[in-house]
Amino acid sequence: MSGQYEADIHTHTIASGHGSCATITDMVKAAKARNLRMLGISDHGPATLGGGRISYFRNLKYAQRERLGIKMLYGAEANIISHGGHLDLGDDILKDLDYVIASMHQPTVKPGSVEENTEAYIRAMKNPYVSVIGHCDDANFPVDPFRLFAAAMENHVLLEINNSSLSPEGYRGDAKYTDLILLNLSAHFDYPVLFSSDSHGTSHVGDFTYASDAAALAKVPRSLILNYSAKSLLSFLSEK
(Lines give C-alpha, C1' and ligand atoms only; values in the text may rest on other atoms or scores of the structure.)
Protein backbone atom coordinates (compact mmCIF):
# COMPACT_ATOMS: atom_id res chain seq x y z
CA MET A 1 0.00 0.00 0.00
CA SER A 2 2.94 2.35 0.58
CA GLY A 3 3.26 4.93 -2.14
CA GLN A 4 -0.28 4.45 -3.39
CA TYR A 5 -1.60 7.54 -1.62
CA GLU A 6 0.03 10.93 -1.19
CA ALA A 7 -1.86 12.51 1.72
CA ASP A 8 -3.40 11.83 5.10
CA ILE A 9 -4.89 14.85 6.88
CA HIS A 10 -6.87 13.30 9.76
CA THR A 11 -4.22 12.42 12.34
CA HIS A 12 -3.75 13.04 16.06
CA THR A 13 -0.75 13.81 18.25
CA ILE A 14 -0.25 13.98 22.00
CA ALA A 15 -2.09 17.33 21.87
CA SER A 16 -5.37 15.43 21.40
CA GLY A 17 -5.07 14.21 24.97
CA HIS A 18 -5.93 10.54 24.49
CA GLY A 19 -4.75 7.50 22.57
CA SER A 20 -1.45 9.01 21.49
CA CYS A 21 1.86 10.10 22.94
CA ALA A 22 3.30 11.01 19.51
CA THR A 23 4.72 14.43 18.73
CA ILE A 24 4.31 16.11 15.35
CA THR A 25 7.87 15.03 14.56
CA ASP A 26 6.98 11.41 15.31
CA MET A 27 4.00 11.67 12.95
CA VAL A 28 6.16 13.15 10.20
CA LYS A 29 8.66 10.30 10.50
CA ALA A 30 5.82 7.79 10.18
CA ALA A 31 4.45 9.61 7.13
CA LYS A 32 7.91 9.63 5.56
CA ALA A 33 8.28 5.89 6.15
CA ARG A 34 4.96 5.34 4.34
CA ASN A 35 5.94 7.51 1.37
CA LEU A 36 3.34 10.22 1.95
CA ARG A 37 3.97 13.60 0.35
CA MET A 38 1.60 15.57 2.58
CA LEU A 39 0.57 15.20 6.22
CA GLY A 40 -2.17 17.04 8.06
CA ILE A 41 -2.29 17.31 11.84
CA SER A 42 -5.85 17.63 13.12
CA ASP A 43 -5.93 17.42 16.89
CA HIS A 44 -9.17 17.36 18.85
CA GLY A 45 -10.77 20.63 19.84
CA PRO A 46 -10.99 21.74 23.49
CA ALA A 47 -14.40 20.18 24.20
CA THR A 48 -12.74 16.75 24.02
CA LEU A 49 -11.39 15.64 27.38
CA GLY A 50 -7.70 16.57 27.30
CA GLY A 51 -8.01 18.01 23.78
CA GLY A 52 -5.99 20.86 22.32
CA ARG A 53 -6.13 24.20 24.08
CA ILE A 54 -7.00 27.43 22.28
CA SER A 55 -3.37 28.56 22.50
CA TYR A 56 -2.22 25.39 20.73
CA PHE A 57 -4.45 25.99 17.72
CA ARG A 58 -3.69 29.70 17.70
CA ASN A 59 0.04 28.99 17.34
CA LEU A 60 -0.17 26.39 14.56
CA LYS A 61 0.16 29.14 11.95
CA TYR A 62 3.78 29.52 13.01
CA ALA A 63 4.64 25.83 12.60
CA GLN A 64 7.01 24.54 9.91
CA ARG A 65 5.42 24.20 6.47
CA GLU A 66 7.73 21.38 5.42
CA ARG A 67 9.36 18.64 7.49
CA LEU A 68 11.61 15.87 6.16
CA GLY A 69 10.50 16.81 2.66
CA ILE A 70 6.81 16.39 3.51
CA LYS A 71 4.37 19.26 3.02
CA MET A 72 2.61 20.03 6.28
CA LEU A 73 -0.95 21.17 6.85
CA TYR A 74 -2.23 22.19 10.26
CA GLY A 75 -5.90 21.91 11.06
CA ALA A 76 -8.27 20.78 13.80
CA GLU A 77 -10.93 18.19 14.40
CA ALA A 78 -13.43 20.58 15.89
CA ASN A 79 -16.29 19.17 17.94
CA ILE A 80 -19.86 19.82 16.91
CA ILE A 81 -21.26 20.66 20.35
CA SER A 82 -24.95 21.15 19.56
CA HIS A 83 -27.57 20.03 17.08
CA GLY A 84 -27.39 23.59 15.82
CA GLY A 85 -23.99 22.74 14.35
CA HIS A 86 -21.97 24.97 16.69
CA LEU A 87 -18.25 24.19 17.05
CA ASP A 88 -15.93 24.28 20.05
CA LEU A 89 -13.46 26.56 18.24
CA GLY A 90 -14.37 30.09 17.20
CA ASP A 91 -13.96 31.55 13.74
CA ASP A 92 -11.08 33.69 15.02
CA ILE A 93 -9.12 30.43 15.45
CA LEU A 94 -10.53 28.50 12.48
CA LYS A 95 -9.69 31.21 9.95
CA ASP A 96 -5.94 30.69 10.45
CA LEU A 97 -6.01 26.90 10.06
CA ASP A 98 -5.33 25.14 6.75
CA TYR A 99 -8.51 23.07 7.08
CA VAL A 100 -11.15 22.11 9.63
CA ILE A 101 -12.74 18.71 10.21
CA ALA A 102 -16.09 18.93 12.03
CA SER A 103 -17.14 15.80 13.92
CA MET A 104 -19.55 14.60 16.56
CA HIS A 105 -18.24 12.74 19.60
CA GLN A 106 -19.73 11.56 22.83
CA PRO A 107 -19.98 13.03 25.40
CA THR A 108 -19.37 16.46 23.83
CA VAL A 109 -22.77 16.23 22.16
CA LYS A 110 -25.65 13.87 22.81
CA PRO A 111 -26.68 11.66 19.86
CA GLY A 112 -29.97 12.73 18.38
CA SER A 113 -32.43 11.36 15.85
CA VAL A 114 -31.45 10.80 12.22
CA GLU A 115 -32.98 14.19 11.44
CA GLU A 116 -31.19 15.96 14.30
CA ASN A 117 -27.79 14.44 13.55
CA THR A 118 -28.06 15.12 9.83
CA GLU A 119 -29.11 18.71 10.47
CA ALA A 120 -26.22 19.23 12.90
CA TYR A 121 -23.71 18.16 10.25
CA ILE A 122 -25.37 20.29 7.57
CA ARG A 123 -25.36 23.37 9.79
CA ALA A 124 -21.68 22.78 10.58
CA MET A 125 -20.96 22.61 6.83
CA LYS A 126 -22.30 26.12 6.44
CA ASN A 127 -19.40 27.45 8.49
CA PRO A 128 -17.08 28.86 5.80
CA TYR A 129 -14.01 27.35 7.48
CA VAL A 130 -15.27 23.75 7.65
CA SER A 131 -13.67 21.65 4.91
CA VAL A 132 -14.43 18.08 6.00
CA ILE A 133 -17.12 16.23 7.93
CA GLY A 134 -15.48 13.59 10.09
CA HIS A 135 -16.66 9.98 10.55
CA CYS A 136 -20.27 10.67 9.57
CA ASP A 137 -20.51 6.86 9.35
CA ASP A 138 -20.72 6.60 13.16
CA ALA A 139 -23.70 4.36 13.95
CA ASN A 140 -24.03 6.13 17.31
CA PHE A 141 -24.98 9.28 15.34
CA PRO A 142 -27.18 7.88 12.54
CA VAL A 143 -27.71 10.16 9.53
CA ASP A 144 -29.53 10.42 6.24
CA PRO A 145 -26.57 9.88 3.89
CA PHE A 146 -28.47 11.16 0.84
CA ARG A 147 -29.26 14.53 2.43
CA LEU A 148 -25.76 14.71 3.83
CA PHE A 149 -24.12 14.11 0.46
CA ALA A 150 -26.33 16.67 -1.28
CA ALA A 151 -25.42 19.25 1.37
CA ALA A 152 -21.71 18.44 1.04
CA MET A 153 -21.86 19.16 -2.70
CA GLU A 154 -23.78 22.36 -2.11
CA ASN A 155 -21.33 23.63 0.51
CA HIS A 156 -18.10 22.36 -1.12
CA VAL A 157 -17.29 20.07 1.80
CA LEU A 158 -15.67 16.63 1.79
CA LEU A 159 -17.24 13.65 3.53
CA GLU A 160 -14.59 11.32 4.87
CA ILE A 161 -14.43 7.57 4.60
CA ASN A 162 -12.87 6.84 7.96
CA ASN A 163 -10.56 3.84 7.97
CA SER A 164 -10.71 3.60 11.76
CA SER A 165 -14.51 3.32 11.63
CA LEU A 166 -14.28 0.45 9.13
CA SER A 167 -11.57 -1.42 11.02
CA PRO A 168 -12.61 -4.64 12.79
CA GLU A 169 -11.27 -2.96 15.93
CA GLY A 170 -13.48 0.09 15.34
CA TYR A 171 -15.88 1.27 18.04
CA ARG A 172 -18.43 3.18 15.96
CA GLY A 173 -20.70 0.26 15.10
CA ASP A 174 -21.58 -0.82 11.57
CA ALA A 175 -20.02 1.97 9.50
CA LYS A 176 -19.81 0.03 6.26
CA TYR A 177 -23.47 0.49 5.29
CA THR A 178 -23.30 4.30 5.41
CA ASP A 179 -19.85 4.42 3.82
CA LEU A 180 -20.94 2.28 0.87
CA ILE A 181 -23.89 4.59 0.26
CA LEU A 182 -21.59 7.64 0.37
CA LEU A 183 -19.11 5.99 -1.98
CA ASN A 184 -21.83 5.05 -4.46
CA LEU A 185 -23.12 8.62 -4.34
CA SER A 186 -19.58 9.84 -5.01
CA ALA A 187 -19.34 7.68 -8.12
CA HIS A 188 -22.84 8.64 -9.27
CA PHE A 189 -22.46 12.41 -8.84
CA ASP A 190 -18.75 12.56 -9.73
CA TYR A 191 -17.98 14.32 -6.45
CA PRO A 192 -14.87 13.44 -4.43
CA VAL A 193 -14.46 11.89 -1.01
CA LEU A 194 -11.59 11.85 1.46
CA PHE A 195 -9.98 8.79 2.99
CA SER A 196 -8.89 9.35 6.60
CA SER A 197 -6.72 7.17 8.78
CA ASP A 198 -7.86 8.95 11.98
CA SER A 199 -4.58 7.68 13.38
CA HIS A 200 -4.08 8.47 17.05
CA GLY A 201 -0.31 8.24 17.07
CA THR A 202 1.98 6.80 14.44
CA SER A 203 0.59 3.28 14.04
CA HIS A 204 -1.93 3.93 11.28
CA VAL A 205 -0.69 7.06 9.51
CA GLY A 206 -1.46 6.66 5.81
CA ASP A 207 -3.35 3.39 6.36
CA PHE A 208 -6.51 3.31 4.26
CA THR A 209 -6.83 -0.47 3.92
CA TYR A 210 -10.51 -0.79 4.80
CA ALA A 211 -11.53 2.45 3.10
CA SER A 212 -9.84 1.22 -0.09
CA ASP A 213 -11.70 -2.09 0.07
CA ALA A 214 -15.04 -0.28 0.43
CA ALA A 215 -14.23 2.06 -2.49
CA ALA A 216 -13.33 -0.92 -4.67
CA LEU A 217 -16.73 -2.49 -3.90
CA ALA A 218 -18.45 0.74 -4.93
CA LYS A 219 -16.23 1.07 -8.02
CA VAL A 220 -15.24 4.62 -7.15
CA PRO A 221 -12.75 6.02 -9.71
CA ARG A 222 -9.29 6.86 -8.41
CA SER A 223 -9.79 10.50 -9.42
CA LEU A 224 -12.58 10.87 -6.83
CA ILE A 225 -10.40 9.82 -3.90
CA LEU A 226 -8.42 12.97 -3.17
CA ASN A 227 -5.74 11.22 -1.10
CA TYR A 228 -4.23 9.93 -4.34
CA SER A 229 -3.03 13.44 -5.17
CA ALA A 230 -1.75 16.01 -2.69
CA LYS A 231 -2.14 18.62 -5.41
CA SER A 232 -5.81 17.79 -6.00
CA LEU A 233 -6.54 17.79 -2.29
CA LEU A 234 -4.86 21.16 -1.82
CA SER A 235 -6.80 22.56 -4.75
CA PHE A 236 -10.10 21.42 -3.25
CA LEU A 237 -9.26 22.88 0.15
CA SER A 238 -8.20 26.20 -1.33
CA GLU A 239 -11.52 26.55 -3.17
CA LYS A 240 -13.39 26.42 0.15
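The sections below set out a description of the structure shown in this document.

Calculation criteria
Residues numbered from 1 in each chain as written. Predicted model: local features only at pLDDT ≥ 70, side-chain atom pairs only at ≥ 80, totals over all residues. Heavy atoms only, no water. Helix = DSSP H or I, 4+ residues; strand = E, 2+ residues; numbered from the N terminus. Rg over C-alpha atoms; globule rule 2.2 N^0.38 Å. Buried < 20%, exposed > 50% of the residue type's maximum accessible area, 1.4 Å probe, protein only. Contact = heavy atoms within 4.5 Å. Areas by Shrake-Rupley, 256 points an atom, 1.4 Å probe, with all protein chains shown as cover. Lys, Arg positive; Asp, Glu negative; His and termini not counted. Charge placed at Lys NZ, Arg CZ, Asp CG, Glu CD. Salt bridge = Lys/Arg side-chain N within 4 Å of Asp/Glu carboxyl O. Polar contact = N/O pair within 3.5 Å; in protein donor to acceptor, adjacent residues only side chain to side chain. Axes fitted to C-alpha atoms, helices over the stretch in contact; angles between N-to-C directions. Parallel < 35°, antiparallel > 145°, perpendicular 65-115°, else oblique. Nonpolar A, V, L, I, M, F, W, Y, C, P; charged D, E, K, R; others polar.

**A word on the overall build of the protein**
Secondary structure summary: the protein contains 9 helices and 10 strands in total. Relative to the 2.2 N^0.38 estimate, which gives 18 Å for 240 residues, the radius of gyration of the protein is 16 Å and therefore close to what a compact globule would have. Overall, the C-alpha framework of the protein stretches about 40 × 35 × 35 Å when taken along its three principal axes. Per-residue burial over the protein gives 57% buried out of 240 residues. Contacts in the protein between residues at least 24 apart in sequence constitute 78% of all its contacts with a sequence separation of at least 6. By element, 53% of the accessible surface of the protein is carried by carbon and sulfur atoms, the whole surface being about 10,000 Å². When the 21 basic and 27 acidic side-chain charges of the protein are each reduced to a single mean position, those positions are 6 Å apart.

**Description of the side chain of Asp207**
Note on placement: Asp207 falls in the loop between β10 (199–200) and α8 (209–218). Arg34 provides the closest opposite charge to the buried, unpaired Asp207, separated from it by 7.5 Å. Among the polar contacts made by the side chain of Asp207, one reaches the side chain of Thr209 at a distance of 2.6 Å.

**Points about the packing of helix α4 (residues 114–125) against helix α5 (residues 145–155)**
Helix-helix packing: each pair is described by the crossing angle between the helix axes and the interaxial distance. Where α4 contacts α5, the two axes come as close as 10 Å, and the packing angle between them is 10 degrees. When the interaxial angle is binned, α4 and α5 end up roughly parallel. Packed against α4, whose contacting residues are Glu115, Thr118, Glu119, Tyr121, Ile122 and Met125, the element α5 presents Arg147, Leu148, Ala151, Ala152 and Asn155 at the interface. By residue class, the composition of the contact of α4 with α5 is 6 nonpolar, 2 polar and 3 charged.

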